[in-house]
Amino acid sequence: MHQTFNIQATRDIPAGEEVSINYLPEHGQVREQRVAKLEEGYGFTCKCPACNIDTKEGQEVEERRKDMQRIIKKTKALFADSTSPTETTSAGYGADGMQETLPNILSSEEQQQVDALRVMPDKDRQIWLRNRELEVLNAMIAMYQAEGIVGREVASIYYHVAILQQSTGSYEAAVATADAGLKLEESCLGTDHPAYSEALTFVESIKKMPLAAARFR
Ligand SMILES: [Zn+2]
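Because the structure is predicted, anything quoted here is derived from the model rather than measured.

Looking at the overall build of the protein chain
Phase 1 of the analysis: Counting secondary structure elements, the protein chain contains seven helices and zero strands.
Phase 2 of the analysis: For the protein chain, the succession of helices and strands along the chain, N to C, is α-α-α-α-α-α-α.
Phase 3 of the analysis: In the protein chain, which comprises 217 residues, the proportion classed as buried is 20%.
Phase 4 of the analysis: Nonlocal contacts in the protein chain, meaning residues at least 24 apart in sequence, comprise 61% of its contacts between residues at least 6 apart.

Okay, here's the thing in structure tokens:
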């Protein structure tokens, strides 16, 4: 099968500078997960600055990602406990499936929240869950920004946020978020890439869509 790999520099590269790429899709995985995948898939032990936890930078990366994963796990548990099996969120939160159940990671306060959610009218529960989803996605964006990650993975999170914002009637915020995603795509792809045209079409649809997205009506 013919496959191509498109690489676009997002800044000037001085002559002689080593050019590196990320071998893994960027989902905020911790060192242990990344190293295992690289060993399995590429047969080497990664010693990049992010994977070197002997340095302050490496430790910071690791801590940020562990915090992020804690937020995601808690949210998954909240969703799993308070929604019916057929209900899912729009965001997959990266590599792991949403089906995973994680008992005993909720504090008693959060368990009370789950109990409250169970008896909430559907509409209120959906609003609560949607806000929680927005919190998680915004935390992911903050993590990516802190690490200077500007790949297309980040753009797709912006789009999720834009859809959720639009569904809450935050129309201007949705447009600004979608545009932020598109700007990332432009720096990753250039404007002459077919995937950029797809992204542009999506962002234009966000700008045209009615205030209330069909999903949460
Ligand atoms: Zn590494």
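This is not the end of the story, as more comes after the structure.
Some points on the nonpolar core
One broad trend across soluble globular proteins is that nonpolar side chains are buried collectively.
Phase 1 of the analysis: Counting residues in each nonpolar core, the largest one holds 23 residues, and the members touching the most others are Y158, A162 and A178.
Phase 2 of the analysis: Those residues within four positions of Y158 in sequence are excluded, and the remaining contacts are T177, A178, A180 and G181.

Brief notes about helix 1 (residues 31-42)
Phase 1 of the analysis: The first and last C-alpha atoms of helix 1 sit 16 Å apart over twelve residues, in line with the 16 Å expected at 1.5 Å per residue.
Phase 2 of the analysis: Little of helix 1 sits inside the fold, with one of its twelve residues counted as buried.
Phase 3 of the analysis: Backbone geometry just downstream of helix 1 places G43 in the positive-phi region, at approximately 70 degrees.

Side note on helix 7 (residues 194-208)
Phase 1 of the analysis: In this model helix 7 runs 21 Å from its N-terminal to its C-terminal C-alpha over 15 residues, within 8% of the 21 Å that 1.5 Å per residue would give.
Phase 2 of the analysis: Among all positions of helix 7, only A199, V203 and I206 are buried. Viewed end-on, helix 7 has its buried residues packed into an arc of 50 degrees, placing them on one side of the element. Exposed and facing more than 90 degrees away from the buried side of helix 7 are P194, S197, E198, T201, E204, S205 and K208.
Phase 3 of the analysis: In this fold, the buried residues of helix 7 make contact with helix 5 (152-167) and helix 6 (171-189).

Some remarks on the environment of M120
Phase 1 of the analysis: Of note, M120 is situated in the loop between helix 3 (108-118) and helix 4 (122-146).
Phase 2 of the analysis: Sequence-wise, M120 and S82 are 38 residues apart; in three dimensions their C-alpha atoms are separated by 9.8 Å.
Phase 3 of the analysis: Residues contacting M120, with those up to four places away along its chain left out, are R125 and W128.

A closer look at the packing of helix 4 against helix 5
Phase 1 of the analysis: Closest axis-to-axis distance for the helix 4/helix 5 pair is 10 Å, and the angle between their directions is 150 degrees. The angle between helix 4 and helix 5 falls in the class roughly antiparallel. Like other packed secondary-structure pairs, helix 4 and helix 5 cross with a definite hand, here left-handed. Side by side, helix 4 and helix 5 meet where R130, E133, L134, L137, N138, M140, I141 and Y144 of the first sit next to V154, I157, H160, V161, L164 and S167 of the second.
Phase 2 of the analysis: Its residues assigned to classes, the contact of helix 4 with helix 5 shows nine nonpolar, three polar and two charged.

Regarding the environment of V35
Phase 1 of the analysis: If you trace the backbone, V35 turns up in helix 1.
Phase 2 of the analysis: Beyond its immediate stretch of four places on either side in the chain, V35 contacts T45, C46 and C51.

Concerning the packing of helix 2 (residues 56-82) against helix 4
Phase 1 of the analysis: Between helix 2 and helix 4, the shortest axis-to-axis distance is 10 Å and the interhelical angle comes to 165 degrees. Comparing their axes, helix 4 and helix 2 come out roughly antiparallel. Helix-helix and strand crossings are classified by hand; for helix 2 and helix 4 the assignment is left-handed. Listed contacts from helix 4 to R64, M68, I71, I72, T75, L78, F79 and S82 of helix 2 are R125, L129, R132, V136, A139, M140, M143 and A146.
Phase 2 of the analysis: Taken together, the residues of the contact of helix 2 with helix 4 sort by class into eleven nonpolar, two polar and three charged.

Thoughts on the confidence of the model for the protein chain
Phase 1 of the analysis: The share of residues in the protein chain with pLDDT of 70 or more is 86%, and the mean pLDDT across the chain is 82.
Phase 2 of the analysis: Per-element mean pLDDT across the protein chain ranges from 84 in helix 3 up to 94 in helix 1.
Phase 3 of the analysis: The low-confidence segment residues 85-102, where pLDDT is below 50, has 24 contacts with residues more than four positions distant or belonging to other chains.

Parameters and conventions
- Residues numbered from 1 in each chain as written.
- Predicted model: local features only at pLDDT ≥ 70, side-chain atom pairs only at ≥ 80, totals over all residues.
- Helix = DSSP H or I, 4+ residues; strand = E, 2+ residues; numbered from the N terminus.
- Buried ≥ 20, exposed ≤ 12 C-beta atoms within 10 Å, placed from the backbone.
- Contact = placed C-beta atoms within 7 Å.
- Core = buried A, V, L, I, M, F, W, Y, C linked by C-beta atoms within 7 Å.
- Expected span 1.5 Å × (residues − 1).
- Arc of directions from axis to C-beta.
- Axes fitted to C-alpha atoms, helices over the stretch in contact; angles between N-to-C directions.
- Parallel < 35°, antiparallel > 145°, perpendicular 65-115°, else oblique.
- Left-handed = near helix turned anticlockwise from the far one by under 90°.
- Nonpolar A, V, L, I, M, F, W, Y, C, P; charged D, E, K, R; others polar.
- pLDDT = per-residue confidence, 0-100.

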